[in-house]
Amino acid sequence: VTVSPVKAASTLTLTAPTTPVKRGATYTVQGSLLGGGAPLVGTTVTLKRTSLAGTRTVFVKTDASGNYKVSETAVVGGPVTWRASWPGTSHYETPAAVTRSVTVDRAATSVSITTDRTRYAYGARAKLTVRLGTTYNSRLVSVFAYKAGKTSFIAQGTVARGGALVLSVPV
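Residues numbered from 1 in each chain as written. Predicted model: local features only at pLDDT ≥ 70, side-chain atom pairs only at ≥ 80, totals over all residues. Heavy atoms only, no water.

Enquirer: Is there a simple way to explain the overall build of the chain in this structure?
Expert: A count of helical and extended segments in the chain gives zero helices and 13 strands. Starting at the N terminus and walking to the C terminus, you meet the elements of the chain as β-β-β-β-β-β-β-β-β-β-β-β-β. In terms of overall dimensions, the chain has a C-alpha envelope of 90 × 40 × 25 Å along the principal axes. The buried share among the 171 residues of the chain stands at 32%. (Helix = DSSP H or I, 4+ residues; strand = E, 2+ residues; numbered from the N terminus. Buried < 20%, exposed > 50% of the residue type's maximum accessible area, 1.4 Å probe, protein only.)

Enquirer: Looking at this structure, I do not really get the pattern of salt bridges. What am I missing?
Expert: One side chain can pair with another of opposite charge once the charged atoms of both are near each other. As enumerated under the stated definition, the model contains three salt bridges in all. Across the salt bridge formed by arginine 56 and glutamate 72, the nearest N and O atoms sit 2.5 Å from each other. Highlighted residues: arginine 56 in strand β5 (residues 54-61) and glutamate 72 in strand β6 (residues 67-73), separated in sequence by 16 residues. Here arginine 117 and aspartate 116 are joined by a salt bridge, their closest N and O atoms 3.8 Å apart. Classification of aspartate 116 by relative accessible area gives partly exposed; the value is 39%. (Salt bridge = Lys/Arg side-chain N within 4 Å of Asp/Glu carboxyl O.)

Enquirer: Help me understand the side chain of serine 32 in this model?
Expert: Relative to the assigned elements, serine 32 resides in strand β2 (residues 26-35). With residues near it in sequence (within four places) discarded, serine 32 still touches Thr11, Leu12, Thr13, Gly66, Asn67 and Tyr68. (Contact = heavy atoms within 4.5 Å.)

Enquirer: What is the right way to read the sheet that holds strand β13 (residues 164-170) from this model?
Expert: Across a sheet, strands are paired by hydrogen bonds formed along the backbone, either parallel or antiparallel in direction. Strand order in the open sheet made by the three strands is β9-β10-β13, with antiparallel pairing throughout. In this open sheet, the two strands that pair with only one neighbour each are β9 (112-115) and β13. Adjacent strand axes in the sheet meet at a mean angle of 25 degrees when their direction is disregarded. (Pairing = 2+ DSSP bridges. Axes fitted to C-alpha atoms, helices over the stretch in contact; angles between N-to-C directions.)

Enquirer: Looking at this model, I keep getting lost on the side chain of arginine 49. Mind explaining?
Expert: Structurally, arginine 49 can be placed in strand β4 (residues 44-51). In this structure arginine 49 touches Gly54, Thr55, Arg56, Glu72, Val80, Thr81 and Trp82, once residues within four positions along its chain are discounted.

Enquirer: Which parts of the structure should I look at to understand the environment of serine 85?
Expert: Summarising the element assignment, serine 85 is placed in strand β7 (residues 78-85). Separated by 39 residues in the primary sequence, serine 85 and threonine 46 have C-alpha atoms spaced 5.3 Å apart. Setting aside chain neighbours within four positions, we find serine 85 in contact with Leu12, Val45, Thr46 and Ala97.

Enquirer: Can you help me understand the sheet that holds β4 in this one?
Expert: Taken in spatial order, the four strands make up an open sheet running β5-β4-β7-β8, and their pairing is antiparallel. The outermost strands of the open sheet, each flanked by one partner alone, are β5 and β8 (98-104). Pairwise comparison of adjacent strand axes, ignoring direction, gives a mean angle of 20 degrees for this sheet. In this sheet, β5 lies alongside β4 in antiparallel orientation, the contact comprising eight bridges. Each residue of the ladder has a partner; that of leucine 47, found in β5, is valine 58.

Enquirer: Please clarify how the packing of aromatic side chains should be interpreted in this entry.
Expert: Throughout the structure, instances matching the rule amount to one aromatic pair. Pairing phenylalanine 144 with phenylalanine 153 gives two aromatic rings, centres 5.6 Å apart and planes at 70 degrees, and the pair type is edge-to-face. (Phe/Tyr/Trp six-rings, centres within 6.5 Å; stacked < 30°, edge-to-face > 60°.)

Enquirer: Quick question: what am I supposed to make of the nonpolar core here?
Expert: For soluble globular proteins, nonpolar side chains are generally found buried alongside one another. Counting 22 residues, the largest nonpolar core has Leu14, Tyr27, Val29, Leu47, Tyr68, Trp82 and Val102 as the members making the most contacts within it. In terms of nonpolar packing, the next biggest core, distinct from the first, is built from 12 residues, Val130, Leu132, Ala155 and Val169 among them. (Core = buried A, V, L, I, M, F, W, Y, C linked by side-chain atoms within 4.5 Å.)

Enquirer: Would you mind showing me how to read the pairing of strand β11 (residues 140-147) here?
Expert: Looking down a regular strand, the side chains alternate between one sheet face and the other. Note: β11 against strand β12 (residues 150-158), eight bridges, orientation antiparallel. Following the sheet pairing, alanine 145 is matched in β12 by serine 152.

Enquirer: Honestly, the environment of arginine 139 in this entry has me stumped. Any pointers?
Expert: Residue placement: arginine 139 occurs in the loop between β10 (125-131) and β11. Along the sequence, arginine 139 and leucine 165 sit 26 residues apart, while their C-alpha atoms lie 9.6 Å from each other. Residue contacts for arginine 139: discarding those within four places in its chain leaves Leu52, Gly157, Thr158 and Val159.

Structure below.
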């Protein structure tokens, strides 16, 4: 007689705030892990958080009720995606990973452009500094000039890690 082991079904849940969170405020994501309908106690769940600031992985253990939670301060505005997963065991199936998104209020977007001088000689190069802020690093920015009703392309570049783009353009 051949006997094949049968793994019990497992369920992973995740909840997150559904209303926008203010920057600087603390919010909580939480969930539960059940195996065969019963709480799985002391089991490590993997939470992967992805935001404009990057990706971070958090490992959290379930409590006596099979629940887990993580609290975080919203530092960077924009979407924050949380993904919970658990690999299963020899006794329990791997449940489907669960994803939830949190929206963190963003500061109003502002752009400033400064030059290295106020006057330039004919044929000189102007140093333009475009400031967007650190949440815009790696973004492509195009600079245009507007004069007498005409728009003309000047230059483009990628915003650096510090939130600024420095361009050298002919005058």
